[in-house]
Amino acid sequence: KGINTLDKACLSHDIAYATHRDTQSRNKSDDVLSARASQIVLDEDTPEYEKKDAKLVNAIMAAKSRFGLGLKLKKCLVVYGTYLLQPDWILARC
């Protein structure tokens, strides 16, 4: 659902990442989130704390997309404490 506008945009971004594995599609999703964060910053009705967060998200997503940063996921065991997990969504270097 999302607790505010930025959270909803981030949720949509997370869903796009979960459904697309290729870097090009993920970079497009980053662009969409960056653009939405920019709109939130310019919205006069948005609280200052959310604008601050949106500025950070905008900067990170814009840089990530601009430089084509995306990690290819590898299936591996990631150890957290004593638990061995193998989730597809963990970005880990194996």
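The coordinates are above.
Not measured: the values here are computed from a predicted model. (Residues numbered from 1 in each chain as written. Predicted model: local features only at pLDDT ≥ 70, side-chain atom pairs only at ≥ 80, totals over all residues. Heavy atoms only, no water.)

**Observations regarding the overall build of the protein**
Point 1. In terms of regular secondary structure, the protein is built from three helices and two strands.
Point 2. Secondary structure elements of the protein, listed N to C terminal, follow the sequence α-α-α-β-β.
Point 3. When burial is assessed residue by residue, the protein has 27% of its 94 residues classed as buried.
Point 4. Considering only residue pairs separated by 6 or more positions, the protein has 44% of its internal contacts joining residues 24 or more positions apart.
Point 5. Split by element, the accessible area of the protein, about 7,100 Å² in all, is 57% carbon and sulfur. (Helix = DSSP H or I, 4+ residues; strand = E, 2+ residues; numbered from the N terminus. Buried < 20%, exposed > 50% of the residue type's maximum accessible area, 1.4 Å probe, protein only. Contact = heavy atoms within 4.5 Å. Areas by Shrake-Rupley, 256 points an atom, 1.4 Å probe, with all protein chains shown as cover.)

**A word on helix α3 (residues 48-66)**
Point 1. For α3, spanning 19 residues, the distance from its first C-alpha to its last is 27 Å, which sits close to the expected 27 Å at 1.5 Å a residue.
Point 2. Within α3, burial applies to Glu50, Lys51, Ala54, Val57, Met61 and Ser65. Take α3 and look down its axis: the buried residues cluster within an arc of 125 degrees, on one side only. Across from the buried face of α3, at angles greater than 90 degrees, the exposed residues are Glu48, Tyr49, Lys52, Lys55, Leu56 and Arg66.
Point 3. For α3, the secondary structure elements touched by its buried residues are α1 (5-19) and α2 (23-42). (Expected span 1.5 Å × (residues − 1). Arc of directions from axis to C-beta.)

**Description of the nonpolar core**
Point 1. Grouped together as the largest cluster of nonpolar side chains are nine residues: Leu6, Ala9, Leu33, Ala37, Ile40, Val41, Ala54, Val57 and Met61.
Point 2. Residues within four places of alanine 9 in sequence aside, it is in contact with Leu33 and Arg36. (Core = buried A, V, L, I, M, F, W, Y, C linked by side-chain atoms within 4.5 Å.)

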